[in-house]
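Now for the letters of each chain:
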Amino acid sequence: MNQQLISEVTNEYQLRYKGGHVLISSPGRINIIGEHTDYNDGFALPAAIDMGIVAALGKSEDALCSAYAINMNEVYKFSTETIKPISGGSWRNYIIGVVAELQHIGISVPPFNLVFAGDIPNGAGLSSSAALENSIVFGLNELFNLQLPKSEMILISQRAEHNYAGVRCGIMDQYASMFGQESHALLLDCRIHEARPIKIDFQDYQLVLINTNVSHNLVEAEYNDRREVCEKVTSILKVNALRDANERQLQSIKSEITEADYQKALYIIQENERVLKAVKMIEQNDLLALGAILFDAHNGASNQFKISCPELDFLVDQARIHKDAIGARMMGGGFGGCTINIVKKDAVDNYLEDVSQAYFNKFNKRCSPYVVSLSKGTCVSQN
Ligand code: GLA
């Protein structure tokens, strides 16, 4: 994690609150493949990255908690006794959401002070919210010796997202941020919340993210809508989750659902298969085949599950026609954020120049590239 961020947060904590504190690093995540499969009990292949949140938490002598968000230069004071979701509360909801969900399982949280900062670009789909939630639950666990296992902490983070941010997300983001491993992606089975680390040898290629710098303002509603469609089809299929259905079963109820819902459910079934196939290709060191699967996944996300946008489609189309890219797709919840691309290592600069220029010509706005490395999950950090 960014050393400068660590020093900045430590210094700011000393300046504002003084005294002992725990220091936590909590990463964002990428996802190689497996989008919207997590809340269908399916598979995904995320990884924690070397961008994230650093948080310092210490006990407070006051009756109130005080939280300072360095990036926003905003302070929020609150009592742990009167917590409820704040409409338009942005970062505040993730913090009080975690406290409320701890209380909900019978853990009382004494007053605490908090300073945090991050280097995950906003709205990029790199899960800054999961990184923040995890940093808070992990930090409170350390500070007050709550003895929670990580497997429980991610559920608290997820419920904070559901109940305080209003997004009925799956477990992928919180899991990847908490359990990430250096140089590995995680083949995550979202039904049992267990993962197999997958070492990826990118050989002569490099992972590159390109941020469209657009974020749809109805993204929460769109996300929840996709989840509802999946649940509706699941109940008509009489299975526990779309994970348990195959294409033949789906075909047999086709007349009972709309074509749009059929395509969405089909996408989920096929995306689960793509994740497992992608892992096979990685294990066989066949990056060309992996790249082709990413392109397919984008087609599904865009045409069937309908979570793309013109900017994402454009960036993926650029990858399709450029000689130096072998695969790309939109990444995360959709409707904006980043594409993930596999690009020839020695041509990354050229590639980014070409694509950025084309993007600017088309949309008259800039996209932003990031090169990330796969990193370890939420942990205590040293000053
Ligand atoms: C968001 C959610 C995740 C997951 C992805 C899509 O990041 O938080 O749970 O559903 O979208 O794969």
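Structural data are supplied above this passage.
Residues numbered from 1 in each chain as written. Predicted model: local features only at pLDDT ≥ 70, side-chain atom pairs only at ≥ 80, totals over all residues. Heavy atoms only, no water.

Asker: Sorry, what's going on with the side chain of R274 here?
Answerer: Inspection of the secondary structure assignment puts R274 in helix 8 (residues 259–283). The exposure class assigned to R274 is buried, which follows from its relative accessible area of 12%. A polar atom in the side chain of R274 sits 2.8 Å from the side chain of E271. For R274, the contacting residues outside a window of four places in its chain are I33, Y267, I293, D296, A297 and G300. (Helix = DSSP H or I, 4+ residues; strand = E, 2+ residues; numbered from the N terminus. Buried < 20%, exposed > 50% of the residue type's maximum accessible area, 1.4 Å probe, protein only. Polar contact = N/O pair within 3.5 Å; in protein donor to acceptor, adjacent residues only side chain to side chain. Contact = heavy atoms within 4.5 Å.)

Asker: Looking at this structure, how should I read the pattern of salt bridges?
Answerer: Should the charged atoms of two oppositely charged side chains come close, the side chains can pair. For the structure on display, the rule yields 19 salt bridges. The closest approach of N and O atoms between E74 and R92, which form a salt bridge, is 3.1 Å. Residue E74 is located in strand 5 (residues 74–78), and its partner R92 is located in helix 2 (residues 91–104); the two are separated by 18 residues in the primary sequence. Take E74: its relative accessible area is 28%, and that puts it in the partly exposed class. Put simply, D41, R191 and D244 are held in one network by salt bridges that share partners. (Salt bridge = Lys/Arg side-chain N within 4 Å of Asp/Glu carboxyl O.)

Asker: Which parts of the structure should I look at to understand the nonpolar core?
Answerer: If you look at soluble globular proteins, the nonpolar side chains tend to sit buried side by side. Core analysis: the biggest nonpolar cluster contains 84 residues, and I30, L45, L102, F112 and L140 have the highest contact counts within it. In terms of residue count, helix 2 provides more of this core than any other element does, eight residues in total. In this structure, Y223, A265, Y267 and I269 belong to the second largest nonpolar core, which totals 28 residues. (Core = buried A, V, L, I, M, F, W, Y, C linked by side-chain atoms within 4.5 Å.)

Asker: Teacher, can you tell me more about unusual backbone geometry here?
Answerer: Leaving glycine aside, a negative phi is the common case for residues, and trans is the common case for peptide bonds. Unusually for a residue other than glycine, D41 sits at a positive phi of about 60°. Residue position: D41 is located in the loop between strand 1 (22–31) and strand 2 (43–44). Given the relative accessible area of 23%, D41 is considered partly exposed. For S127, which is not glycine, the phi dihedral falls at a positive 65°. Structurally, S127 can be placed in the loop between strand 6 (112–118) and helix 3 (128–143).

Asker: Can you help me understand the pairing of strand 9 (residues 205–215) in this one?
Answerer: The side chains of a regular strand alternate, first on one face of the sheet and then on the other. Counting buried positions along strand 9 gives eight out of 11 residues, so the element sits mostly inside the fold. Pairing analysis gives eight bridges linking strand 9 to strand 11 (residues 336–344), with the strands arranged antiparallel. Following the sheet pairing, S215 is matched in strand 11 by G336. With three bridges joining them, strand 9 and strand 12 (residues 368–370) adopt antiparallel strand pairing. (Pairing = 2+ DSSP bridges.)

Asker: Any chance you could explain the sheet that holds strand 13 (residues 379–380) here in plain terms?
Answerer: Hydrogen bonding along the main chain pairs the strands of a sheet, whether they run parallel or antiparallel. A sheet is described by the order of its strands in space; here six strands give the open sequence 5-4-6-3-1-13, paired in mixed fashion. Since the sheet does not close on itself, it has two edges, and those belong to strand 5 and strand 13, each with one partner. With nine bridges connecting them, strand 1 and strand 3 (residues 46–59) associate as antiparallel partners. Paired with S26 across the strands is I53, a residue of strand 3. Against the sheet, helix 2 contacts strand 4 (65–69), strand 5 and strand 6, and its axis sits at roughly 30° relative to strand 5. (Axes fitted to C-alpha atoms, helices over the stretch in contact; angles between N-to-C directions.)

Asker: Would you mind showing me how to read the sheet that holds strand 9 here?
Answerer: Reading across the sheet, the four strands line up as 10-11-9-12 and stay open at both edges, with antiparallel pairing between neighbours. Across the chains shown, the open sheet's two edge strands, defined by having one partner strand only, are strand 10 (325–330) and strand 12. Across the sheet, the mean angle from the axis of one strand to that of its neighbour is 25°, orientation sign disregarded. Of the pairings in the sheet, the one linking strand 10 to strand 11 comprises five bridges and is antiparallel in character.

Asker: Can you help me understand the site of the ligand in this one?
Answerer: Within the structure, the ligand sits among 13 residues, and E35, H36, D38, D173 and Y223 are positioned closest to it. Interatomic distance of 2.6 Å between a side-chain N/O atom of E35 and an oxygen atom of the ligand. G333 has a polar backbone atom sitting 3.4 Å from an oxygen atom of the ligand. Notes on the ligand: free accessible area 310 Å², of which the protein chains cover 93%. Split by residue class, the shell around the ligand holds four nonpolar, five polar and four charged. (Near = heavy atom within 4 Å. Areas by Shrake-Rupley, 256 points an atom, 1.4 Å probe, with all protein chains shown as cover. Nonpolar A, V, L, I, M, F, W, Y, C, P; charged D, E, K, R; others polar.)

Asker: Before we go on, may I ask you to explain the packing of aromatic side chains in this structure?
Answerer: Aromatic ring pairs are defined here through the distance separating the ring centres and the angle between the ring planes. Taken as a whole and assessed by the stated rule, the structure comprises 11 aromatic pairs. Centroid distance F314 to Y359: 6.4 Å. Interplanar angle 55°. Geometry classified as tilted. Here the residue F314 occupies a position in helix 10 (residues 310–321), and Y359 occupies one in helix 11 (residues 348–363), the gap between them amounting to 45 residues. For Y359, a relative accessible area of 0% corresponds to the buried category. Pairwise contacts between aromatic rings join Y76, F78, W91, F112 and F116 into one cluster. The ring of Y262 is capped by K254, whose NZ or CZ atom sits 4.6 Å from the centre of that ring. (Phe/Tyr/Trp six-rings, centres within 6.5 Å; stacked < 30°, edge-to-face > 60°. Lys NZ or Arg CZ within 6 Å of the ring centre and 35° of its normal.)

Asker: Can you help me understand helix 2 in this one?
Answerer: Helical periodicity: at 3.6 residues per turn, an α-helix aligns residues three or four positions apart in one direction. Compared with an ideal rise of 1.5 Å per residue, which puts 14 residues at 20 Å, helix 2 spans 20 Å between its outermost C-alpha atoms and is within 8% of the ideal. Counting buried positions over the 14 residues of helix 2 gives 12, a clear majority of the element. Restricting attention to buried positions, one finds in helix 2 the residues W91, R92, N93, Y94, I95, I96, G97, V98, V99, A100, E101 and L102. Next to the buried residues of helix 2 lie strand 4, strand 5, strand 6, helix 3 and helix 4 (150–165). In the segment just after helix 2, G106 is the residue with positive phi, at about 90°. (Expected span 1.5 Å × (residues − 1).)

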